[in-house]
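# Overview (structure and organization)
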Amino acid sequence: MDEPTILTAPPSDAKRVYVLDPGAFHMTSQIFTIDGNNSELLGMTDAGKLPHVLLGDNGNFMAVPSTVYNRIARGIRDDYIEVFDTRTLNVIADIDIPEGRFLTAVMEHMATLSTDDKHLLFQQFSPSPAIGLVDLEQQKFVKMMPIPDCYHLFPAPNQNVFMHCRDGSMLQISYDNEGNTQQKPTKVFHPEDDYLFNNPAYSRKSGRLVWPSTNGKIFQANLSESGAEFLKTIEVFSDQQKADKWRPGGWQPVAYHDDRNEIYLLADQRAEWTHKLPSRYVFVIDAASGKQLRRLELGHEITGIGVSQDDKPYLFAVSADDATLYTFDAVTGKELSSIDELGRAPSMVFLPRE
């Protein structure tokens, strides 16, 4: 018999794509590593229930907070973090954390890396709200940091992180290496009847937060160590488009390109309260003016999108129905390639930011 050979992936680039298949709440999940330049599958990583996919060092490592039980779907719970080398997919760190990681669908920003990749933060919902602090350099859990009833984690430089609170404000949290915090709220930036999607777009590189609502508004902020600068709200759709029932929709419905300052929003003609269903179109919006630049017809029922952060960007669109990742030219909208058989219900895509 031939001796098996395990290859090493080429170095990560802006078009390295990671597709998460959480299996529609199954107890195990898969993360597919794909060369987005040619839709070539490079490898697969197993994870537990509802993991997060966090890419650090320009995609050179992947940290995955995960949860398993000793009797598959019951028994003793174990929460942990695995750190993978993205060229070999070998585990380079395995860090135990307290049980209580927030398990609710897969919300991208319930865990995050710090902007310098030195820390990982994860959200605890029970028994009380808190943020778990993990030191990646020393490969150890540090502390649960108590917080009020706020959600999502958006990191800013010099060990700051912002959270979204129930009253429509944000909470800025500064933390030291031992997990001691200083916390201060921002002003309210959206009313309670503007219902926000679970998965906004956020750039650790620029600090730009892009958060669409289910009725077609986009709220933006620049987050930094000095605080939150809230920008003018964008109304995505014209009056005629609203009359024609254009609304955003999808599980991962928005992406943002830093250098082009463009917002990519999944949308379709749909009934109210169907905002978690797939969409067939992407509206590209100028993030400065709010102007619609173009509308891309994808031709597939798309669940989640991401855009590569280079000067010739690709739009990556995953379909849970088709178990397929489709690749488009982000400027022309031309479909370039696809790769299928990506698990059971792949729903989210992740790309490094260079």
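Let me sum up the structure you'll find in this document.

Cut-off values and rules
- Residues numbered from 1 in each chain as written.
- Predicted model: local features only at pLDDT ≥ 70, side-chain atom pairs only at ≥ 80, totals over all residues.
- Heavy atoms only, no water.
- Pairing = 2+ DSSP bridges.
- Helix = DSSP H or I, 4+ residues; strand = E, 2+ residues; numbered from the N terminus.
- Axes fitted to C-alpha atoms, helices over the stretch in contact; angles between N-to-C directions.
- Buried < 20%, exposed > 50% of the residue type's maximum accessible area, 1.4 Å probe, protein only.
- Disulfide = S-S within 2.5 Å.
- Salt bridge = Lys/Arg side-chain N within 4 Å of Asp/Glu carboxyl O.
- Phe/Tyr/Trp six-rings, centres within 6.5 Å; stacked < 30°, edge-to-face > 60°.
- Lys NZ or Arg CZ within 6 Å of the ring centre and 35° of its normal.

### What to know about the sheet that holds strand S28 (residues 324-329)
- Strand order in the open sheet formed by four strands is S26-S27-S28-S29, and the pairing between neighbours is antiparallel. Each edge of the open sheet carries a strand with a single partner, namely strand S26 (304-307) and strand S29 (335-339). Neighbour-to-neighbour, the strand axes of the sheet open up by a mean angle of 20°, direction not taken into account.

### Observations regarding the sheet that holds strand S14 (residues 170-175)
- With respect to topology, four strands assemble into an open sheet ordered S12-S13-S14-S15, the strand pairing being antiparallel. Here the strands that pair on one side only, and so sit at the sheet edges, are strand S12 (150-156) and strand S15 (181-185). Across the sheet, the mean angle separating the axes of adjacent strands is 25° when strand polarity is ignored.
- Note: strand S13 (residues 160-165) against S14, five bridges, orientation antiparallel. If you follow Met163 over to S14, its bridge partner there is Leu171.

### Focus on the pairing of strand S1 (residues 16-21)
- With respect to burial, S1 is a largely interior element, six of its six residues being buried.
- Of the two faces of S1, the one carrying Arg16, Tyr18 and Leu20 and the one carrying Val17, Val19 and Asp21 are both buried.
- Two strands pair when backbone bridges link them, and S1 and strand S30 (residues 348-350) are joined in this way by three bridges, in the antiparallel orientation. Bridged to Tyr18 within S30 is Phe350.

### Section: the state of the cysteines
- Following the criterion strictly, the structure yields one disulfide and no others.
- Through a disulfide, Cys150 is tied to Cys165; the S-S separation comes to 2.0 Å. Here Cys150 and Cys165 share a disulfide; its torsion about the S-S bond, 95°, makes the bridge right-handed. Taken as a pair, Cys150 in strand S12 and Cys165 in strand S13 lie far apart in primary sequence, 15 residues in all. Assigned by exposure class, Cys150 and Cys165 land together as buried.

### Comments concerning the pattern of salt bridges
- Here the structure, examined in full by the defined rule, presents 12 salt bridges.
- Across the salt bridge formed by Lys15 and Asp310, the nearest N and O atoms sit 2.3 Å from each other. You can see Lys15 sitting in the segment before S1 and its partner Asp310 sitting in the loop between S26 and strand S27 (314-319), a full 295 residues away along the chain. Here the two residues Lys15 and Asp310 agree in accessibility, since each one is buried.
- With a shortest N-O distance of 3.0 Å, Asp117 and Arg204 are connected by a salt bridge. Here the residue Asp117 occupies a position in the loop between strand S8 (111-113) and strand S9 (119-124), and Arg204 occupies one in the loop between strand S16 (201-202) and strand S17 (208-212), the gap between them amounting to 87 residues.
- With relative accessibility at 17%, the residue Asp117 sits in the buried group.
- Counted as one network, the salt bridges with shared partners bring together Arg260, Glu262 and Arg294.

### A word on the packing of aromatic side chains
- One pass over the structure, following the stated rule, counts 12 aromatic pairs.
- Note on Phe237 and Phe283: the rings are 5.2 Å apart at their centroids and 90° apart in plane angle, and the pair reads as edge-to-face. Of this pair, Phe237 sits in the loop between strand S20 (234-235) and helix H1 (239-243) while Phe283 sits in strand S24 (residues 279-286), placing them 46 residues apart in sequence. Considered together, Phe237 and Phe283 belong to a single accessibility category, that of buried residues.
- Each residue in the set Phe237, Trp246, Tyr281 and Phe283 is aromatic and connected to the rest through ring pairs, giving one cluster.
- The ring of Tyr314 is capped by Lys15, whose NZ or CZ atom sits 4.4 Å from the centre of that ring.

### As for the pairing of strand S10 (residues 130-135)
- Counting buried residues in S10 gives six out of six residues, a clear majority hidden from the surface.
- Neither face of S10 is exposed, since Ala130, Gly132 and Val134 on one face and Ile131, Leu133 and Asp135 on the opposite face are all buried.
- Judged from the six bridges that link them, S9 and S10 form a sheet pairing that is antiparallel. Looking across to S10, one finds that Gln123 is bridged to Ile131.
- As paired elements, S10 and strand S11 (residues 140-146) share six bridges and run antiparallel to each other. Residue Ala130 lies in a different strand from S11, and its bridge partner there is Pro146.

By themselves, these observations are geometric and do not establish any function.
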